[in-house]
Amino acid sequence: MRRTAGKLADGREIIYFDDSAEAPPRVAVDSRDLPETQPMSEVRLDPLTREWVAMAAHRQTRTYKPPADLCPLCPSTPGRPTEVPESGYDVVVFENRFPSLAQNVPDVPSTVDGEELFVRAPGRGRCEVVCFTSDHTKSFGELSESRVRTVVDAWADRVAFLSTLPGVEQVFPFENRGEEIGVTLSHPHGQIYAYPFVTPRTERMLSAAEDYYAEHGRPLFGDLLEAELRAGARVVEQSEHWVAFVPAAARWPVEVLLAPRRQVPDIAALSSVERDDFASLYLKVLRRLDALYDRPLPYIAAWHQAPVNTGREEMWLHLQVFSVLRTKDKLKYLAGSESGEAVWINDVTPEQIAERLRATHK
């Protein structure tokens, strides 16, 4: 892989990750006349749940479902410059033009309305876009293993760098796919959020892992992985270094976890052979997911990693892939119980989900 960094017209960073050193040099200049970005993000703490909420009103003007010939993530062409100045690329990462979190946000008062109950802070972090291919019509599952490997290296590079930024407490790479998920740009891409706090889900996972280790002297996720392998009923795919399974308490009508057999805190800690093995296994899982309803499956792929400054010994890296599609043409809506009380109700058992995925033709 070859890495080339540059700047866009408004000063945002852009980094090309090429599959090999034989790729053309990345020297194109962004010809657009763009004003310097000034995000106005802030975060506020909900006193009832102790959870942070990001406020980013400037995102209302972001690009929304443009036609393919106006896609801002495609390579630039003569007379139509885009977010990517080059005429082609393998994998590219750049700072989001409409970020939820950014390093250059202004300071804000420490409270709302001067009330101590309403804590606020600048939304200081970073949001990046990761384009997996210059081909607008492809999906992640249609990439080659070598391209997926480049994507993994790009994720690892960004996780390592973003973890060093002032105020960043957690780094979250993810992909949203499909209009049903809420995707507004159809080009195959993901994002990376660098949060100034530890997310609620991660806090709960770390608390459970710490309690389990205190009682048993073993990592919770490691015992969970061994139990899934012993049972076998929910295992969808496995390889030398990775296991893909439907969790025993799956919330979503389609949900798969992919985990390395070795405990590592984040993507950057994966070895070269683990990265190779992931590329192969993940493509098999994605092909099964698309074959489930014989249509491209809308999904969210979320990397759960250890925070930057805590839980490095307790967390076990894993990728959660889940979908809101409960049949070929029906969506699962997060209604009263899920949205109001965070109590999930699944209309299908995890064992049924796994059996259906294993029965698909990859």
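Above this text sits the structure in question.
Keep in mind it's a predicted model, so treat the numbers as computed, not measured. (Residues numbered from 1 in each chain as written. Predicted model: local features only at pLDDT ≥ 70, side-chain atom pairs only at ≥ 80, totals over all residues. Heavy atoms only, no water.)

Novice: Sorry if this is basic, but what is going on with the sheet that holds strand S7 (residues 115–122) here?
Specialist: One key point about sheets: their strands pair by backbone hydrogen bonds, in either a parallel or an antiparallel sense. Overall, antiparallel pairing links the four strands, which are arranged S4-S3-S7-S6 in an open sheet. For this open sheet the edge positions go to strand S4 (51–55) and strand S6 (111–112), each flanked by a neighbour on one side alone. (Pairing = 2+ DSSP bridges. Helix = DSSP H or I, 4+ residues; strand = E, 2+ residues; numbered from the N terminus.)

Novice: Help me out: how do you make sense of the sheet that holds strand S2 (residues 13–18) in this one?
Specialist: A sheet is described by the order of its strands in space; here 11 strands give the open sequence S1-S2-S5-S8-S10-S9-S14-S15-S13-S12-S11, paired in antiparallel fashion. Edge positions in the sheet fall to strand S1 (2–7) and strand S11 (235–238), since each of these pairs with one other strand and no more. For this sheet, the mean angle separating the axes of adjacent strands, direction not counted, is 20°. The sheet strands contacting helix H4 (residues 272–292) are strand S9 (170–177), S11, strand S12 (242–245), strand S13 (254–260), strand S14 (299–304) and strand S15 (318–323), and the helix crosses S13 at an angle near 170°. (Axes fitted to C-alpha atoms, helices over the stretch in contact; angles between N-to-C directions. Contact = heavy atoms within 4.5 Å.)

Novice: Explain the pattern of salt bridges here, please?
Specialist: As a working rule, side chains carrying opposite charge can pair if their charged atoms are close by. This model, assessed by the stated rule, comprises 29 salt bridges. Between Asp10 and Arg12 there is a salt bridge, and its shortest N-O distance comes to 2.8 Å. The same class applies to Asp10 as to Arg12, namely buried. With a shortest N-O distance of 2.9 Å, Arg126 and Glu128 are connected by a salt bridge. By the burial criterion, Arg126 is buried, and Glu128 matches it. Among the ionic contacts, a cluster of salt bridges with common partners joins Arg3, Glu13, Glu95, Arg126, Glu128, Asp157 and Arg158. (Salt bridge = Lys/Arg side-chain N within 4 Å of Asp/Glu carboxyl O. Buried < 20%, exposed > 50% of the residue type's maximum accessible area, 1.4 Å probe, protein only.)

Novice: How should the packing of helix H1 (residues 145–162) against H4 be read in this particular structure?
Specialist: The description of two helices packed together rests on the angle between their axes and the distance between the axes. Viewed as axis vectors pointing N to C, H1 and H4 meet at an angle of 125°, and their least axial separation amounts to 9 Å. If you check the angle between H1 and H4, you find them oblique. Seen from above, H1 lies across H4 with right-handed handedness. In this structure, H1 contributes Glu145, Val148, Arg149, Val152, Asp153, Trp155 and Ala156 to the contact, and H4 contributes Ser272, Arg275, Asp276, Phe278, Ala279, Ser280 and Leu283. When the residues that make up the contact of H1 with H4 are grouped by side-chain class, the tally is seven nonpolar, two polar and five charged. (Parallel < 35°, antiparallel > 145°, perpendicular 65-115°, else oblique. Left-handed = near helix turned anticlockwise from the far one by under 90°. Nonpolar A, V, L, I, M, F, W, Y, C, P; charged D, E, K, R; others polar.)

Functional significance is not addressed by these values, which are geometric in nature.
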